[in-house]
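So the chains spell out like this:
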Amino acid sequence: ADEVSASGLTGEDLSLYNFSNNGNFNGGKGLIEKPYTVIQRANITLANIDLVTSGGEAKNDAEGNARFVKALSYFEMVRLYAQPWGFTADNSHLGLVLKNSGDLETGLSRATVKEVYEEIINDLKKAETLLPPTNGNYPGRYAAKALLARVYFQMNDFQNAYNYANEVIASG
């Protein structure tokens, strides 16, 4: 908000305010550790998806759910830890570390915000095709479409945001 000021902030709080932290501080460790744990588990699921042998629907559901939660985790983190979409003209400003395996990788470089959003959209579009329309307590096709609407809205792509939101609303 316009009323927020960093005048009284120091240390870890100031680094959070300036988007200059690297996740290696005590106060916000869980804020970055927990979503990456979700992403790691989703990547392990995706790497072992061929082990699901109970039919095509179960396999599609497992892959769709993994892609959905991975995209959701990246979306919430990029909004928290990076400057917003449009901060630079080509969105080449630093975003997040993209992890695409279940390994405990270290020393990876941060991807650009554009690359993070591309990853999010790619996973959600795949999830959209894999998930059933409704899925009980788990995300379904329309949850993926709703999240795509939010992502496109955040990117100021209002036509795609409208298209996906309208599709979800019209679905009942």
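Parameters at a glance
- Residues numbered from 1 in each chain as written.
- Predicted model: local features only at pLDDT ≥ 70, side-chain atom pairs only at ≥ 80, totals over all residues.
- Heavy atoms only, no water.
- Helix = DSSP H or I, 4+ residues; strand = E, 2+ residues; numbered from the N terminus.
- Buried < 20%, exposed > 50% of the residue type's maximum accessible area, 1.4 Å probe, protein only.
- Contact = heavy atoms within 4.5 Å.
- Areas by Shrake-Rupley, 256 points an atom, 1.4 Å probe, with all protein chains shown as cover.
- Salt bridge = Lys/Arg side-chain N within 4 Å of Asp/Glu carboxyl O.
- Axes fitted to C-alpha atoms, helices over the stretch in contact; angles between N-to-C directions.
- Parallel < 35°, antiparallel > 145°, perpendicular 65-115°, else oblique.
- Left-handed = near helix turned anticlockwise from the far one by under 90°.
- Nonpolar A, V, L, I, M, F, W, Y, C, P; charged D, E, K, R; others polar.
- Expected span 1.5 Å × (residues − 1).
- Core = buried A, V, L, I, M, F, W, Y, C linked by side-chain atoms within 4.5 Å.

Draft legend 1. Quick look at the overall build of the chain. Check the secondary structure of the chain and you find six helices and zero strands. When the helices and strands of the chain are listed from N to C terminus, the series reads α-α-α-α-α-α. A buried classification covers 36% of the 172 residues belonging to the chain. Long-range pairs, those at least 24 residues apart, make up 54% of the contacts in the chain between residues at least 6 apart in sequence. Here the chain displays about 10000 Å² of accessible surface, and carbon together with sulfur accounts for 51% of that area.

Draft legend 2. View of the pattern of salt bridges. The tally for this structure, following the rule as stated, stands at nine salt bridges. Across the salt bridge formed by R67 and D123, the nearest N and O atoms sit 2.7 Å from each other. With R67 in helix α3 (residues 56-81) and D123 in helix α4 (residues 113-130), this pair connects stretches of sequence that are 56 residues apart. Here R67 falls in the buried class, since its relative accessible area comes to 13%. Between K145 and E167 there is a salt bridge; the shortest N-O distance is 2.6 Å. Taken together, the positions of K145 in helix α5 (residues 141-154) and E167 in helix α6 (residues 158-170) put the pair 22 residues apart, joining distant regions of the chain.

Draft legend 3. Structural view of the packing of α3 against α4. Running from N to C, α3 and α4 cross one another at 150 degrees; their axes reach a closest spacing of 8 Å. By the angle between their directions, the pair α3 and α4 is classed as roughly antiparallel. At the point where α3 passes α4, the crossing takes the left-handed sense. Listed contacts from α4 to N60, D61, E63, G64, R67, F68, K70, A71, Y74, F75, V78 and R79 of α3 are V113, V116, Y117, E119, I120, D123, L124, K126, A127 and L130. Looking at the contact of α3 with α4, its residues break down into twelve nonpolar, two polar and eight charged.

Draft legend 4. View of α5. Between the first and last C-alpha of α5 there are 20 Å, a value that for 14 residues agrees with the 20 Å anticipated at 1.5 Å per step. Among the residues making up α5, those that are buried are A144, K145, L147, L148, A149, V151 and Y152. Looking at the buried positions of α5, the neighbouring elements they touch are α3, α4 and α6. Note on α5: the residue one or two positions beyond its end, N156, has a positive phi of about 65 degrees.

Draft legend 5. Highlighting the nonpolar core. In this structure, I120 and V151 are the most contacted members of the largest nonpolar core, which totals 32 residues. Leave out the neighbours within four places in its chain, and I120 touches A71, Y74, F75, V78 and V151.

Draft legend 6. Seen up close, α4. The first and last C-alpha atoms of α4 sit 26 Å apart over 18 residues, in line with the 26 Å expected at 1.5 Å per residue. Within α4, burial applies to V113, V116, Y117, E119, I120, I121, D123, L124, A127, E128 and L130. Residues of α4 that are buried make contact with α3, α5 and α6.

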